[in-house]
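Next come the chains, spelled out residue by residue.
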Amino acid sequence: MATETPPPSKTPTRLPATEAFVAEQESAEFGELRRSYRSFAFPLTVGFIAWYLLYVLLSNYAGDFMGTKLFGNVNVALVLGLAQFLTTFLIAWWYARHAAAELDPKAEAIKSRMEGGA
């Protein structure tokens, strides 16, 4: 089976002391990484949950509206239900791009510094 991930190293990596982890957690660079993650993930999560709950509430309490035919046998409920899937995939794609561009480089710098003792 082919994989892009190299096999694990035979040499054990040096683990930093607990104090180094605490110091890194309190560093400005780690704070910026955490802020960057939270400023992206939290609003999207709240927005998606609100969008999902709106769909559920409309399905339960606005049956006439959700049953409105748009064309053929396609109604509002079907379109909004399919839009749930679309927004899920769009959010996952958007997060992957954000993580690759913003989060991963910062996390890799912190990881290499911690593992290398730099």
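Not measured: the values here are computed from a predicted model.

## Description of the overall build of the protein chain
Now for step 1: Per the secondary structure count, the protein chain includes four helices and two strands.
Now for step 2: Secondary structure elements of the protein chain occur, N-terminal to C-terminal, as α-α-α-β-β-α.
Now for step 3: Here the protein chain has a C-alpha radius of gyration of 22 Å; the compact-globule value for 118 residues is 13 Å, and the former is much larger.
Now for step 4: Dimensions of the protein chain along its principal axes, counting C-alpha atoms only, are 65 × 40 × 20 Å.
Now for step 5: Looking at the 118 residues of the protein chain, the share that counts as buried comes to 15%.
Now for step 6: Looking at charge distribution, the protein chain has the averaged site of its 10 positive side-chain charges lying 2 Å from that of its 11 negative ones.

## Some points on the confidence of the model for the protein chain
Now for step 1: For the protein chain, per-residue confidence averages 88 on the pLDDT scale, and 93% of positions sit at 70 or higher.
Now for step 2: Mean pLDDT across the secondary structure elements of the protein chain bottoms out at helix α1 (residues 18-25), with 83, and peaks at helix α2 (residues 28-61), with 94.

## Overview of the side chain of Glu24
Now for step 1: Of note, Glu24 is situated in helix α1.
Now for step 2: Given a relative accessible area of 10%, Glu24 falls into the buried group.
Now for step 3: Aside from chain neighbours lying at most four places away, what touches Glu24 is Glu29, Phe30, Ile110, Arg113 and Met114.

## Looking at a nonpolar patch on the surface
Now for step 1: A cluster of nonpolar side chains, Ile49, Tyr52, Leu53, Leu57 and Tyr61, forms an exposed patch at the surface whose accessible area comes to about 570 Å².
Now for step 2: Tracing the backbone shows Leu57 in helix α2.

About the thresholds
Residues numbered from 1 in each chain as written. Predicted model: local features only at pLDDT ≥ 70, side-chain atom pairs only at ≥ 80, totals over all residues. Heavy atoms only, no water. Helix = DSSP H or I, 4+ residues; strand = E, 2+ residues; numbered from the N terminus. Rg over C-alpha atoms; globule rule 2.2 N^0.38 Å. Buried < 20%, exposed > 50% of the residue type's maximum accessible area, 1.4 Å probe, protein only. Lys, Arg positive; Asp, Glu negative; His and termini not counted. Charge placed at Lys NZ, Arg CZ, Asp CG, Glu CD. pLDDT = per-residue confidence, 0-100. Contact = heavy atoms within 4.5 Å. Patch = residues over 30% accessible without salt bridge, like charges linked within 9 Å, V, L, I, M, F, W, Y side chains within 5 Å. Areas by Shrake-Rupley, 256 points an atom, 1.4 Å probe, with all protein chains shown as cover. Salt bridge = Lys/Arg side-chain N within 4 Å of Asp/Glu carboxyl O.

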